[in-house]
Every structure is written in C-alpha cells, then in structure tokens.
Amino acid sequence: MTTHLIKSKKRNETMKKMTMIQAINDGMRIMLAEDNQVILLGEDIGRNGGVFRATEGLQEIYGEDRVVDTPLSEAGIIGTSIGLAVNGFRPIAEIQFLGFIYPAYEQIMTHVSRIRMRSMSRFTIPMVIRAPYGAGIRAPEIHSDSTESLFTHMPGIKVVCPSTPYDAKGLLIAAIEDPDPVLVLEPMKNYRLKREDVPVDKYTIEIGKGKIVREGTDVTIIAWGAMVAIAEKAAEQAKQKGISCEVIDLRTLYPIDQDIISESVQKTTRAVIVHEAHRTGGLGADIVSIINDTAFLSLRAPIERVTGFDVPVPFFSLEEHYLPTAARVVEGIEKVVHF
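These lines cover the structure that appears in this document, whether it is placed above or below. Just so it is clear, the model here is predicted, and its values are computed rather than measured.

1. Comments concerning the pairing of strand 7 (residues 182-187)
1) Next: For strand 7, the tally of buried residues reaches six of six residues, placing the bulk of the element in the interior.
2) Next: Neither face of strand 7 is open: one carries Val182, Val184 and Glu186, the other Leu183, Leu185 and Pro187, and all of them are buried.
3) Next: Judged from the six bridges that link them, strand 5 (residues 128-133) and strand 7 form a sheet pairing that is parallel. Looking across to strand 7, one finds that Val128 is bridged to Val182.

2. Looking at helix 10 (residues 258-268)
1) Next: Within helix 10, the full set of buried residues consists of Ile260, Ile261, Ser262, Ser264, Val265 and Thr268.
2) Next: On its buried face, helix 10 sits against strand 9 (211-214), strand 10 (219-223), strand 11 (245-249), strand 13 (271-278) and helix 11 (283-295).
3) Next: Sitting at the amino-terminal end of helix 10 is Asp257, which places a side-chain oxygen 3.3 Å from the backbone nitrogen of Asp259.
4) Next: One or two steps after helix 10, the chain reaches Thr269, where phi turns positive at roughly 75°.

3. Comments concerning unusual backbone geometry
1) Next: With an omega of 0°, the peptide bond running from Tyr254 to Pro255 counts as cis.
2) Next: Turning to its location among the elements, Pro255 is positioned in the loop between strand 12 (252-254) and helix 10.

4. A short note on a nonpolar patch on the surface
1) Next: Judged by side-chain polarity, Tyr102, Ile142 and Leu150 come together as a nonpolar surface patch covering roughly 240 Å² of accessible area.
2) Next: Structurally, Tyr102 is set in the loop between strand 4 (90-94) and helix 5 (105-112).

5. Structural notes on the packing of helix 4 (residues 74-86) against helix 5
1) Next: At a closest axis distance of 8 Å, the pairing of helix 4 and helix 5 adopts a crossing angle of 20°. As judged from the angle between their axes, helix 4 and helix 5 are roughly parallel. Two secondary-structure elements touch here, helix 4 through Ala75, Ile78, Gly79 and Ile82 and helix 5 through Gln107, Ile108, His111 and Val112.
2) Next: Considering only residue class, the contact of helix 4 with helix 5 consists of five nonpolar, three polar and no charged.

6. Things to note about the packing of helix 9 (residues 227-239) against helix 13 (residues 326-337)
1) Next: Packing of helix 9 against helix 13 brings their axes to within 8 Å, and their N-to-C directions diverge by 55°. Classed by the angle they form, the pair helix 9 and helix 13 counts as oblique. As helix 9 packs across helix 13, the resulting crossing turns out to be right-handed. Along its contact with helix 9, which presents Ile230, Lys233, Ala234, Gln237 and Ala238, the element helix 13 presents Ala326, Val329, Val330 and Ile333.

7. Description of the packing of aromatic side chains
1) Next: Scanning the model with the defined rule gives six aromatic pairs in all.
2) Next: Ring centres of Phe97 and Phe100 lie 5.2 Å apart, and the angle between their planes is 65°; on these two criteria the pair is classed as edge-to-face.
3) Next: Given a relative accessible area of 6%, Phe97 falls into the buried group.
4) Next: On the numbers, 4.7 Å between centres and 20° between planes, the contact of Tyr166 with Tyr203 is stacked. With Tyr166 in helix 8 (residues 165-177) and Tyr203 in the loop between strand 8 (196-199) and strand 9, this pair connects stretches of sequence that are 37 residues apart.
5) Next: Taken together, the ring pairs connect Phe52, Phe97, Phe100 and Tyr191 into an aromatic cluster.

Reading guide: rules and limits
- Residues numbered from 1 in each chain as written.
- Predicted model: local features only at pLDDT ≥ 70, side-chain atom pairs only at ≥ 80, totals over all residues.
- Heavy atoms only, no water.
- Buried < 20%, exposed > 50% of the residue type's maximum accessible area, 1.4 Å probe, protein only.
- Helix = DSSP H or I, 4+ residues; strand = E, 2+ residues; numbered from the N terminus.
- Pairing = 2+ DSSP bridges.
- Contact = heavy atoms within 4.5 Å.
- Polar contact = N/O pair within 3.5 Å; in protein donor to acceptor, adjacent residues only side chain to side chain.
- Patch = residues over 30% accessible without salt bridge, like charges linked within 9 Å, V, L, I, M, F, W, Y side chains within 5 Å.
- Areas by Shrake-Rupley, 256 points an atom, 1.4 Å probe, with all protein chains shown as cover.
- Salt bridge = Lys/Arg side-chain N within 4 Å of Asp/Glu carboxyl O.
- Axes fitted to C-alpha atoms, helices over the stretch in contact; angles between N-to-C directions.
- Parallel < 35°, antiparallel > 145°, perpendicular 65-115°, else oblique.
- Nonpolar A, V, L, I, M, F, W, Y, C, P; charged D, E, K, R; others polar.
- Left-handed = near helix turned anticlockwise from the far one by under 90°.
- Phe/Tyr/Trp six-rings, centres within 6.5 Å; stacked < 30°, edge-to-face > 60°.

What follows is the structure, given as structure tokens:
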C-alpha cells in the first residue's frame, strides 16, 4: 500500500492533465525559459494570448521583446522571422489560421525552405511556424482549410501534425530545437477535445516517426491530426463487426515515416487512408504511392481513401457533411475487407 502511494505521488509531481492548447503553451514556456534566443511573433499573441490562448501569460513573464505582437501581415511575420533565424535567433511565428498563410507562401517557398541549400549550409533557418488548421469548430470561411500538401511538396521544411496533447508538446519542442524550419500544424478541433497526462518537464518526440495507436490484423487505417480520433472510432465500430483494424497516427507529414506504413500494410494486407483535405492532390495520394512502392505484393484489395471533397471547405452549417465521419471510414474498411 505504501509503495502504491509513493508511485502515485511521484506520478503527480512529474505529470499533469493538459489539453492540447495547454501543452503547446507549456512547451513554449519551457523553451522561452531555457533559451534566450527563442522569440514568439504573431498577431494578438501578447496581451490577448492569441486567438486560441496558446500564448496566454507568456508576455507577462518574458516581456514584449520576447513575445511580440506584430502588425496584421503574415508576409511580414515570416519575413521578420527569417531575418531573426539567419542571425541566430529561434523564432516561433504564429499564423492565426492556416488559411491566412497564403500571403506568406512566397516567403516560405522562396526563402525559408532554400536558404540552407542556397548558402551551402553557411546559414540555416531554425524557425517554427505554428498554424491552427482544419474544420469542425464552425469557423468562418478561409479559417478551416487543410492544405498541408502545399508544404509537404516543399523540400527544406519539415511538417508535423500532432493529434494529442502529449505529442503536441513533444513535437513542438523538437521543432524549436531543430536546426531547420518546421511547420507545426495544430488541429483546432483537438485543442480542447480531451485532457491527458503530459510531463511537466521538457521532452521531445522524434520528427519523422509515426506511431501505432491501435494494433490490428485485418486493415491498416492511416490518419493524422483530428482524423486520428475518427479513425479510432471507426476501428472500434469495425471491431463490433469482427474486423480488426490497426490505426497509425503519422504525426510527421514530411519527412513521412514510410517504414511504419509499409510494415503495417504488409501485416494487415489492406489499407484505408483518412484525411480531411481535398481528395485531389491530398497527401493520401502520396501514401498510396508509398504502399505501392513498398507493399504492393502484400495487398489483397485496392487502397481506399476517405477524404474531404474537392470543394472549398463549406460554411459551418455544412462543414459536418464535408468532413470524413466514422461511418464513412467504416464503409471504406468494409469495402477493402469484402473486395
């Protein structure tokens, strides 16, 4: 009994229940305290703590020179961050919504992703771009885009996408410490979806490594961001029908973990890919290619994709019809099982 109490006390001292937004805030707090070269930039991130309160309280602790409220200019935020990064700082730039990043796209494509190559590694860009993304929170037009494939086709910048509070903090810290630029896509729908135990101290999750969140034998479901919870729900419903699903959370979208995909599909012999981005040009097509290249002879059925539709993300009254649902994923599972 005494041993149990000691273990419980130790756990409470090292772990804390956090939402994803709290875990992100905690990760930035740790890195601001550890490294004076870390600087936050973004619209309304100081006194207001950001539109989702990801930076709440940080300006009070570290001051206006470390947590900087910027003008309403995404190109300016990214351009300033590039200059800071080249000169030894580690800027973390917040773009309020991924759909607002397009004015800065030229800066990212032309400079952020290329300076290491252009300078033959004399200069690097150790910067992080944080961008809330995805539908499901009933936001206005342009606020709910899921255009991650624009950036996964951009060699020179890494792209990560956590689905849980634990992964959000670990991936963010790893991104801040990375010598090269990292885009951190944060699924807004998951910001306050759940609380889970998160270490209060510093830790990292290796960029480029996915994880198996549910083991299975009949079908591999591959997802990321908010779609991981949908995939898990679908896997549970499929279990009631006697189908065992393995669920993979990619966590990193570039460079993608090809090994975890290939090994799982070779085991289960079937695959369903789930993402909320548009079907055409979506990352799912690249994953199909990975499976064809590495596990084609193991397949018992064509690969199924369950995605958003090839239309702009609709207004909030219709967005639930746009997003993949567990029911749609189960249909995909049954399709590959009964092929």
